[in-house]
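A closer look at the structure
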Amino acid sequence: MKNIPHDYYLRFIDPVAYDEVLDFHTKGNFLIHEAFKDSTALYFLNPKDLACLTGNELHLYPDMQRCLPLNYTKKAQGDLNRNESCERFSESVISFDVVERLMTPLISKSKKTYKRGYPSGGALYPIEVFVCSLMQDHQTWPCPEKILHLLPQTAQFEIIQGSENTDGLRSAILAAPADIGSPSVAIVYAAYLPKTFFKYRYRGYRLALMEVGSIYMLIELQAKKLKLRSRLWSAYSDTMLCKAIGLNPTLFLPLCVHFLGGSE
Ligand SMILES: Cc1cc2nc3c(=O)[nH]c(=O)nc-3n(C[C@H](O)[C@H](O)[C@H](O)COP(=O)(O)O)c2cc1C
């Protein structure tokens, strides 16, 4: 039985340890909804303090001036230079073949290997990638459903059933007061926690967080190559987002959203 049902992992899980991690994880959930727009925020800091505390490098010896210069050339950085994040997306159409090319760095090199374009602790691959169209114009989108689940090993998309209407998805990830314009595509990176937890328990949670970072960085670089603008996003409601995709929020943890499109 190689293509096991996803809840098969639950047989191998320590429920107490799992609950502890879920409790901790849930503390980072953020509710954005029209009804709460004046009372919820990710932080409550004044702009002056925020400006002072943002964008810094950490000097271990701030009073000492003992540093060595790092010699490098811009050319040596080459293609591995990502673009800065997009401040505001314009309403633009991305054709589906570009969406497919965007995914290629994640795909296994051949159907014979389980290995993928990114490393994974214990080869457990707990991160699931969902590609969601936010476009008004869907001329090249291949099906009425707007959310696709990537299967990186067999190079396929699973079609998320009932995802023709994206109103729920939009209100989960694009709610006021944040205004990012009109991204064309949202990629949702969600950890299927049991898939790493059954083996590594608490440490599996850590490994899943790191895996997301390596995946989104590949997408950042590929987006640059395809001349798309991008921005990672954490201002969304986890449970609303799970509901929009049809995922159980105690098993699938949406760790990050990646917007892509054209810039204004
Ligand atoms: C995991 C993650 C989540 C982010 N979430 C948000 C967000 O919710 N809203 C936002 O405006 N920017 C978000 N960003 C973008 C950062 O603000 C941005 O990367 C940072 O300001 C550095 O700018 P740069 O990406 O242009 O280099 C996020 C970035 C990361 C890596």
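Refer to the structure above for everything that follows.
Residues numbered from 1 in each chain as written. Predicted model: local features only at pLDDT ≥ 70, side-chain atom pairs only at ≥ 80, totals over all residues. Heavy atoms only, no water.

**With respect to helix α6 (residues 194-225)**
An α-helical turn contains 3.6 residues, so a residue and the one three or four places further along point in the same direction. For clarity, the cut-off: Strands here mean DSSP runs of E at least two residues long; helices mean DSSP runs of H or I at least four residues long; both are numbered from the N terminus. Helix span is expected to be 1.5 Å times the residue number reduced by one. Axes are fitted to the seven residues ending at a residue and to the seven starting at it; the angle between these axes is taken as the bend at that residue.
Between the first and last C-alpha of α6 there are merely 34 Å, a value that for 32 residues lags more than 12% behind the 46 Å anticipated at 1.5 Å per step. At Y200, α6 is bent by approximately 140 degrees, the largest bend along its length. One or two residues past the end of α6 sits K227, with phi positive at roughly 60 degrees.

**Describing a nonpolar patch on the surface**
Quick note on the threshold: Each patch is built from residues that are more than 30% exposed by relative accessible area and take part in no salt bridge. Like charges join if they lie within 9 Å; nonpolar side chains (Val, Leu, Ile, Met, Phe, Trp, Tyr) join within 5 Å. The Shrake-Rupley method, run with a 1.4 Å probe sphere, supplies the accessible areas, and residue values consider only the shown protein chains as cover. By definition here, a salt bridge exists when the distance from a side-chain nitrogen of Lys or Arg to a carboxyl oxygen of Asp or Glu is within 4 Å. Burial classification: accessible surface area is computed with a 1.4 Å probe over protein chains only, and a residue below 20% of its type maximum counts as buried, one above 50% as exposed, and the rest as partly exposed.
Side chains of L58, L60, Y61 and M64 sit close together on the surface and give an oily, nonpolar patch of about 540 Å² of accessible area. In this fold, M64 is placed in the loop between α2 (47-53) and α3 (74-77). By relative accessible area, M64 is classed as partly exposed at 45%.

**Thoughts on the pattern of salt bridges**
A side chain of one charge can pair with a side chain of the opposite charge if their charged atoms are brought near each other. In total, this model carries five salt bridges according to the counting rule given. A salt bridge links R88 to D179; the nearest nitrogen and oxygen atoms lie 2.8 Å apart. Linking R88 in the loop between α3 and β1 (89-90) with D179 in the loop between α5 (167-173) and β5 (185-192), this pair joins segments that are 91 residues apart in sequence. R88 sits in the partly exposed class, given a relative accessible area of 31%. We classify D179 as exposed; its relative accessible area is 53%.

**Comments concerning the packing of helix α4 (residues 96-103) against α6**
In a packed pair of helices, the relevant descriptors are the angle between the two axes and the axis-to-axis distance. Where we set the bar: Axis geometry follows a simple rule: fit a line to the C-alpha atoms, using only the stretch in contact for helices, then measure angles between N-to-C directions, giving values from 0 to 180 degrees. For classification purposes, an angle smaller than 35 degrees is called roughly parallel, one larger than 145 roughly antiparallel, one from 65 to 115 roughly perpendicular, and anything else oblique. Note on convention: near helix rotated counterclockwise from far helix by under a right angle means a left-handed crossing. Clockwise means right-handed. The criterion used for residue contact is that any of the two residues' heavy atoms lie within 4.5 Å. Charged means Asp, Glu, Lys or Arg here, nonpolar means Ala, Val, Leu, Ile, Met, Phe, Trp, Tyr, Cys or Pro, and polar covers whatever is left, Gly included.
It is at 9 Å that the axes of α4 and α6 come closest, and there the two elements cross at 135 degrees. As judged from the angle between their axes, α4 and α6 are oblique. Where α4 crosses over α6, the two elements pack in a sense that is right-handed. Within the contact between the two elements, α4 uses R101, L102 and M103 and α6 uses I219, Q222 and A223. Residue composition of the contact of α4 with α6, by class: four nonpolar, one polar and one charged.

**Remarks on the pairing of strand β3 (residues 147-151)**
We count it as follows: For two strands to be treated as a pair, DSSP must find no fewer than two bridges joining them.
Counting buried residues in β3 gives four out of five residues, a clear majority hidden from the surface. Here strand β2 (residues 127-133) pairs with β3 via three bridges, running antiparallel. Across the sheet, residue V131 finds its bridge partner in β3, namely L148. Pairing analysis gives four bridges linking β3 to strand β4 (residues 156-159), with the strands arranged antiparallel. Counted as the bridge partner of L150 is F157 from β4. A loop of four residues connects β3 with β4, the two strands running antiparallel in sequence, and A155 in this loop sits at a positive phi of about 50 degrees.

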